[in-house]
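Residue-level structure breakdown
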Amino acid sequence: MKKTIRYFGIIFLVVLSIFVMDLINSEVNASTYQTRMNLEEPQNGIKSSKELHLKGWVMSNSPSYSIKVYLDGKQVSTITNRVTRNDVLNAIKDSGGSKYNSKPGYLQTIDLSSYDSGTYTLGLKIIDSKTNQILEQTTRTIYLQSHATTMNLELPTNRTNSK
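Presented here is an overview of the structure given in this document. Throughout this description, residue numbers start from 1 for each chain and increase along the sequence as written. Where totals are concerned, whole chains, interfaces and linings use all residues; where local detail is concerned, this predicted model gives features only for residues with pLDDT of at least 70, and gives and counts side-chain atom pairs only at 80 or more. As a rule here, side-chain values come from all non-hydrogen atoms in the structure, and water together with hydrogens is ignored.

The subject of this paragraph is the sheet that holds strand 5 (residues 74–78). Between any two strands, at least two bridges found by DSSP are needed for them to pair. For the purposes of this entry, the term helix denotes a DSSP run of H or I that reaches at least four residues, the term strand denotes a run of E that reaches at least two, and both are numbered from the N terminus. Ordered by their spatial adjacency, five strands build an open sheet running 2-9-8-4-5, and the pairing between neighbours is mixed. Edge positions in the open sheet fall to strand 2 (46–48) and strand 5, since each of these has one partner strand only. Pairs of neighbouring strands in the sheet enclose a mean axial angle of 35°, with direction left out of account. Axis definition: a line fit to C-alpha positions, over the contact stretch in the case of helices; interaxial angles, taken between N-to-C directions, run 0 to 180 degrees.

See the structure below:
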């Protein structure tokens, strides 16, 4: 009887310690990385046609993260074109500095030619590549005009009299 209680106690402590360690690790991961971002373009409410130009910056002390682009909640791209932004590095001294952010800027063009005209929610999420944790996110509302319309009036021409 004492052996059964002892084994039960040991198993209980092992399971409890695993649970506590998982809880501690998840809390540490949630607060470990400091991340800042700014989506400079497009501005909220912008009208766009076949291409959407994204411009901004990300600073994070996460050693490995990705910038995912979403349209109405569906991932449409991952930003890969990173650029040097000395203005950002000079202004923001935390969030990893230049040690983790040698190229904090990004420029990316997203092809939207397959989308219908309408209002969409553009979202950017900074995701830690190891934990899949969302470090930072932002959204914009964009209006997509998928079909450009042009008009040319050939007749009557300027100063033409008609009877």
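By secondary structure assignment, the location of Thr-119 is in strand 8 (residues 118–128). Separated by 26 residues in sequence, Thr-119 and Gln-145 have C-alpha atoms that sit 9.0 Å apart. Excluding residues within four positions of it along the chain, Thr-119 makes contact with Asp-72, Thr-141, Ile-142 and Tyr-143. Contact definition: two residues touch when any of their heavy atoms are within 4.5 Å.

Mapped onto the secondary structure, Ser-77 falls in strand 5. Residues contacting Ser-77, with those up to four places away along its chain left out, are Ile-67, Lys-68, Val-69, Gln-108 and Ile-110.

Here we come to the nonpolar core. When a protein is soluble and globular, its nonpolar side chains tend to lie buried together. Buried residues of nine kinds, namely Ala, Val, Leu, Ile, Met, Phe, Trp, Tyr and Cys, make up a nonpolar core once their side-chain atoms join them within 4.5 Å. Throughout this description, buried means an accessible area under 20% of the type-specific maximum (1.4 Å probe, protein chains only), exposed means over 50%, and partly exposed covers the range between. In this structure, Leu-54, Ile-67, Tyr-106, Leu-122 and Leu-124 are the most contacted members of the largest nonpolar core, which totals 20 residues. Those elements giving two or more residues to this core turn out to be strand 1 (35–41), strand 3 (51–60), strand 4 (65–71), strand 7 (105–111), strand 8 and strand 9 (134–144). With five residues, the next largest nonpolar core counts Trp-57, Met-59, Val-88 and Leu-89 among its residues.

A few words on unusual backbone geometry. The omega angle of the peptide bond from Glu-41 to Pro-42 is 5°, so this bond is cis rather than trans. One can find Pro-42 in the loop between strand 1 and strand 2. Residues other than glycine seldom take positive phi values, yet Ser-95 does so here, at roughly 60°. Positive phi values are uncommon outside glycine, yet Asn-132 reaches one of about 60°.

Turning our eyes to something else, we now look at the pattern of salt bridges. Salt bridges are identified by distance alone: a Lys or Arg side-chain nitrogen within 4 Å of an Asp or Glu carboxyl oxygen. Tallied over the entire structure, the rule returns three salt bridges. Close ionic contact of Arg-85 with Glu-40 constitutes a salt bridge, the shortest N to O distance being 3.0 Å. With Arg-85 in the loop between strand 6 (82–83) and helix 2 (86–91) and Glu-40 in strand 1, this residue pair connects regions lying 45 residues apart in the sequence. When sorted by exposure, Arg-85 lands in the same class as Glu-40, which is buried. In this structure, the salt-bridge partner of Asp-87 is Arg-85, at a minimum N-O distance of 2.9 Å. Take Asp-87: its relative accessible area is 46%, and that puts it in the partly exposed class. Residue classification places Arg-85 among the buried residues on the basis of a relative accessible area of 14%. Through salt bridges with shared partners, a single network forms among Glu-40, Arg-85 and Asp-87.

What follows deals with the packing of aromatic side chains. Side-chain rings of Phe, Tyr and Trp (the six-membered ring for Trp) are treated as a pair once their centres are within 6.5 Å; stacked means planes under 30 degrees apart, edge-to-face means over 60, and tilted covers the remaining angles. By the definition in use, this model includes one aromatic pair. Between Tyr-115 and Tyr-120, the aromatic rings sit 5.8 Å apart at their centres with planes inclined by 85°, giving edge-to-face as the arrangement.

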